Protein chains: 2
Amino acid sequence: MARIETDKVLLETYSYDATGREQLPKGVAFPESEEEVREIVSLCRTKNLKITPRGAGTGFAGGSVPSPNSIVVSTERMDKIVDIDDKNLLALVEPGVVTAHLQKTASEFGLMYPPDPSSLESCTVGGNVATNAGGPKAVKYGVTADYVTGLSAVIGTSEVYQDLSPVRKNVVGLNVTPLFVGSEGTLGIITKVLLKLVPKPETRKLLLAHFRNLEDAGQAVWDIMKSPATPSALEIMDSTSIECVRKYRKLDIPKDIEGILLIELDGTKREVKESIDKIKEILKRYNASLEIASNQKEEDHIWSLRRAISPSLMEIAPTKINEDVTVPVSELSNALRAYKNVGKKYGLPVVCFGHAGDGNIHVNIMTDRNDPKLWKRGIKAAREIFIITVALNGVLSGEHGIGLAKKSYLGLQINEEQRNLYKRIKLCFDPDMILNPKKKF
Amino acid sequence: MARIETDKVLLETYSYDATGREQLPKGVAFPESEEEVREIVSLCRTKNLKITPRGAGTGFAGGSVPSPNSIVVSTERMDKIVDIDDKNLLALVEPGVVTAHLQKTASEFGLMYPPDPSSLESCTVGGNVATNAGGPKAVKYGVTADYVTGLSAVIGTSEVYQDLSPVRKNVVGLNVTPLFVGSEGTLGIITKVLLKLVPKPETRKLLLAHFRNLEDAGQAVWDIMKSPATPSALEIMDSTSIECVRKYRKLDIPKDIEGILLIELDGTKREVKESIDKIKEILKRYNASLEIASNQKEEDHIWSLRRAISPSLMEIAPTKINEDVTVPVSELSNALRAYKNVGKKYGLPVVCFGHAGDGNIHVNIMTDRNDPKLWKRGIKAAREIFIITVALNGVLSGEHGIGLAKKSYLGLQINEEQRNLYKRIKLCFDPDMILNPKKKF
């Protein structure tokens, strides 16, 4: 039987996630098997305790912040890669496997597991499935949902849902598995995941393009996405994010640059070469300058700039508001202009960066929770950004989730009938509402 | 208000599907809008009538055979392609659009809608979504589920579920849309579908390979799928299916051939050439002979052989048992041997053909419903084929669905807890159990 730990220091360690929100849990459990997860769910059900499933706590929406009166169920000890099936290109893993570890293991078989959230060195596959995590490679390879071909989970009744068939086509039963993906622990605790793998591409190249105008950069993204060159990453950084990084690192980027695109290409050597030629043509139209990384060291350097943005912003404004709205790629340029205007209107820097190629932008409103006036303006600006996004046919969150952080905005996108349907479905899995209650919807 | 027609000839026309099963409906409705669908559902709910949603009735599992005391809701008048968004590579269509018509229209924009069930000249997108239809191209491009990015549907409460956001990443709300895909009309009547499109490949080549041994052909499929050559179709035909076609058509295929592979490749000219070289190498190992179609006429001829199998078998044994089991591709050769052995054991020809590249085989047991002894043997053989399939980690149906035809075998694959979960989910959408009752699970 899995023990439920109640040591005070431990409870504090598991009381928060990457949003900084916190709530002390009643206990923390570290099950090592599906059977132990069942026992814990059964126990909590009997004792009327809530459950907060937890991967690595790297989420940006508060999904793993403990609910009041809850036991945190951490999957960190269920961390085995059960099987890499290089015949059928599948990996069967436990939920606590760290994403980067799965990627490395797949790579040893000549295979690739593409989803690459920025936290990949610490986040877990279970958490990635629960939030439908994305990352830069999503622009070519899709998000976690595109790789989950089966899973097992303990639902709120303490029954096991299991769909682990390794076939490529299956119309037997209802297609329930995708419902767990992105459900943020509200339907079940994932105990195993069957993931698709793909062959590792022959080669990869990384490009950096500088623009004197942010909207031009947005327009170039659209031109690239329309062209036959499919980048494996297409990231944008605005001047504010560049300046933030500059405060902490020496940057050889000219001062008058308003936008940067980071473009990664992979495939056969020939494909990559052809794509680079096409991209050069597009960049010429915008007078954008181009650097091509010539070795791994330069590549690592460029990626480290991109990954340094979020921590740099955190240093400057620890309580900034961080959104990950998504618009149709064709609307990217319009969206960037509108988000920047919201910043001007409320007198707050609005920093835009992220996965431009699939229209998923991390919009950061640089405000301060400790200054009531600034905070109120920040909240107003965030609401306006959501309204603009929905008006452009976009959505409130592309990959971070709703959790606690965005729940109050849900009405902007989801109507009452839809929410009632979600609630009825939730009750099929969790009739006592013990799994991550009051999150997501 | 949509009229409910009750003309006797019309009722008879809508009383059966491609399985040949039949049941007279109480009426047939031809709504022209979502609002009319709502009215019909509302009316049926009040009058305690059941509803049988229907696309073109081409299904092989009885999904659109009218339920007793039901109104058939045909979507054939909701047949508009609302929009082809060649910016974001999306098509918004009504459910009654014929699949081939969508393909042609997408093609005019330089785009492709890949799912290609054999009935594509008459089947509809709504039916394809309801059954998660596949087809030869699924081996490279995936099934209908891989293209449905949003939909709207009238559920059993007469409410509208709607998720038509054109973004590529969305984690807002529960991921309910995939639940409709393959649900065979048990959750709602689809009123609109938002589908992904892909760029049309530059070129295409069709190859035909002859094997003296069926298991060799199965093994070669596996070798091809492991190689870097990803075919856009990889179909297998056994000697019995070849002989059946031979009865109706002049064939220039030698008599001692036990297996044929039809291999289609698409992509850039260079990619296709490289893939052909790789496939030649593989075929050499099995002493298989190879023909490459040199023009459209030869290609059409080869595809027409493949498409002639099902009708030819129907001519010979109109009440044959037609299954579409699916196994992991690595098990294909074992599965083919085992299915053939079942035929020998029961003294019934077992004809195997279909989508070898994704392990989805159409296994036809040539029996006769009018001969009780033969029929009983056929049923026993079918059960044994299902048991073998599940033992090989396969599934009862890859693309045809469960409908009425396979319901009694569901217990071989799905346990009671799972089925109860399906039933609870069904009730969220259809609390009065009026939508296609007693189908699917």
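See above for the structure.
Chemist: Which residues make up the pairing of strand β13 (residues 233-238) of chain B, and what values go with them?
Modeler: All names here are of chain B. When you tally the buried positions in β13, you get six out of six residues, the bulk of the element. Neither face of β13 is left uncovered, since the one carrying Ala233, Glu235 and Met237 and the one carrying Leu234, Ile236 and Asp238 both have all their residues buried. Summarising the sheet, β13 and strand β14 (residues 259-267) pair through six bridges and their orientation is antiparallel. If you follow Glu235 over to β14, its bridge partner there is Leu262. Relative to strand β17 (residues 350-355), β13 runs antiparallel, the two being bridged by two bridges.

Chemist: Quick one: what's the story with the relation of the copies chain B and chain A, residue by residue and with numbers?
Modeler: Laying chain B over chain A is done by rotating through 180° and shifting 0.0 Å along the axis; what remains is an RMSD of 0.0 Å. A rotation of that kind, with that shift, is consistent with a two-fold axis. Interface overlap between copies: 100% of the residues of chain B at the interface are likewise at the interface in chain A, consistent with a symmetric, same-surface contact.

Chemist: Which residues make up the packing of helix α7 (residues 214-226) of chain B against helix α9 (residues 269-285) of chain B, and what are the values?
Modeler: Residue and element names in this part refer to chain B. The interhelical angle for the contact between α7 and α9, taken along N-to-C directions, is 150°, at an axis separation of 10 Å. Judged by the angle between their axes, α7 and α9 are roughly antiparallel. Note on packing geometry: the crossing formed by α7 with α9 is right-handed. The segment α7 lies against α9, with Ala220, Asp223 and Ile224 engaging Ile279, Ile282 and Arg285. Its residues assigned to classes, the contact of α7 with α9 comprises four nonpolar, no polar and two charged.

Chemist: Explain the side chain of Ser67 of chain A residue by residue, including any values.
Modeler: Residues and elements named next belong to chain A. Its place among the elements puts Ser67 in the loop between β3 (50-54) and β4 (70-74). A relative accessible area of 3% places Ser67 in the buried class. If near-sequence neighbours (up to four positions away) are discounted, Ser67 is found in contact with Gln23, Thr52, Asn436, Pro437 and Lys439.

Chemist: I'd love a proper account of the interface of chain B and chain A, names of residues and values included.
Modeler: In many reports, interface size means the accessible area that the parts give up when they come together. Facing 71 residues of chain B, the contacting portion of chain A comprises 72 residues. When the two sides are added together, the surface that chain B and chain A hide from each other amounts to roughly 5,600 Å², 60% of it contributed by carbon and sulfur. Counting the surface chain B buries against chain A, the share from its top three residues, Lys169, Val171 and Leu174 of chain B, is 16%. Across the contact surface, chain B and chain A share eight salt bridges. When residues of the side of chain B that touches chain A are assigned to their parent elements, the largest contribution, eight residues, is made by helix α13 (residues 416-429) of chain B. A class-by-class count of the residues in the side of chain B that touches chain A yields 32 nonpolar, 25 polar and 14 charged.

Chemist: Describe the state of the cysteines, naming the residues involved and giving the relevant values.
Modeler: Residue and element names in this part refer to chain B. Evaluated as defined, the whole model comprises zero disulfides over all chains. Cys352 takes part in no disulfide bond, and the closest cysteine sulfur to it belongs to Cys244, at a distance of 12 Å. Owing to a relative accessible area of 1%, Cys352 belongs among the buried residues under this scheme.

Chemist: Which residues make up helix α12 (residues 372-391) of chain B, and what are the values?
Modeler: Residues and elements named next belong to chain B. Over its 20 residues, α12 runs 29 Å from end to end, which matches the ideal 28 Å to within 8%, given 1.5 Å per residue. When α12 is considered as a whole, its buried residues turn out to be Trp375, Gly378, Ala381, Ala382, Ile385, Phe386, Ile388 and Thr389. Buried positions in α12, seen along its axis, are confined to an arc of 160° and lie on one side of it. Residues of α12 that are exposed and point over 90 degrees away from its buried face: Pro372, Lys373, Lys376 and Ala391. As for α12, its buried residues are in contact with β16 (321-323), α11 (332-346) and β18 (360-365). Where α12 terminates, the next one or two residues include Asn393, which has phi positive at roughly 70°.

Chemist: Describe the pairing of strand β8 (residues 148-155) of chain A, with residues and values.
Modeler: Remark: a regular strand shows side chains that alternate across the two faces of the sheet. Residue and element names in this part refer to chain A. β8 sits mainly inside the fold: seven of its eight residues count as buried. In terms of strand pairing, β8 meets strand β10 (residues 188-196) through seven bridges, oriented antiparallel. The partner of Ile155 across the bridge, within β10, is Gly188. As consecutive antiparallel partners, β8 and strand β9 (residues 160-163) are separated by four residues, and within that stretch Ser158 has a phi angle of approximately 70°, a positive value.

Chemist: Requested: an account of the nonpolar core, with residues and values cited.
Modeler: If you look at the biggest cluster of nonpolar residues, it comprises 182 residues, and the most contacted ones within it are Val176, Leu261 and Phe429 of chain A together with Leu261, Tyr339 and Phe429 of chain B. If sequence neighbours within four positions are ignored, Leu261 of chain B has contacts with Leu207, Leu208, Ala209, Phe211, Ala217, Ala220, Val221, Ile224, Leu234, Glu235 and Ile236 of chain B.

Chemist: Lay out the sheet that holds β14 of chain B with the relevant residues and their values.
Modeler: Residue and element names in this part refer to chain B. Strand order in the open sheet formed by seven strands is β15-β12-β14-β13-β17-β18-β16, with antiparallel pairing between adjacent strands. Each edge of the open sheet carries a strand with a single partner, namely β15 (289-292) and β16. If you compare each strand with its neighbour and ignore which way they point, the axes differ by 15° on average. Both β17 and β18 contribute to a ladder of six bridges, which runs antiparallel.

Chemist: Describe in detail unusual backbone geometry, supporting the description with residues and values.
Modeler: Residues and elements named next belong to chain B. If you check the backbone angles, Leu89 has positive phi at about 55° while not being a glycine. You can see Leu89 is positioned in the loop between β5 (81-85) and β6 (90-93). A relative accessible area of 22% places Leu89 in the partly exposed class. With a phi angle near 50°, Asn287 is a residue other than glycine that sits in the positive phi range. With respect to the element layout, Asn287 can be found in the loop between α9 and β15. A relative accessible area of 69% means that Asn287 is categorised as exposed.

About the cut-offs
Residues numbered from 1 in each chain as written. Chains lettered and ligands numbered in written order. Predicted model: local features only at pLDDT ≥ 70, side-chain atom pairs only at ≥ 80, totals over all residues. Heavy atoms only, no water. Buried < 20%, exposed > 50% of the residue type's maximum accessible area, 1.4 Å probe, protein only. Helix = DSSP H or I, 4+ residues; strand = E, 2+ residues; numbered from the N terminus. Pairing = 2+ DSSP bridges. Least-squares fit on C-alpha atoms with pLDDT ≥ 70 in both. Contact = heavy atoms within 4.5 Å. Axes fitted to C-alpha atoms, helices over the stretch in contact; angles between N-to-C directions. Parallel < 35°, antiparallel > 145°, perpendicular 65-115°, else oblique. Left-handed = near helix turned anticlockwise from the far one by under 90°. Nonpolar A, V, L, I, M, F, W, Y, C, P; charged D, E, K, R; others polar. Buried area = accessible area lost by both parts, 1.4 Å probe. Salt bridge = Lys/Arg side-chain N within 4 Å of Asp/Glu carboxyl O. Disulfide = S-S within 2.5 Å. Expected span 1.5 Å × (residues − 1). Arc of directions from axis to C-beta. Core = buried A, V, L, I, M, F, W, Y, C linked by side-chain atoms within 4.5 Å.

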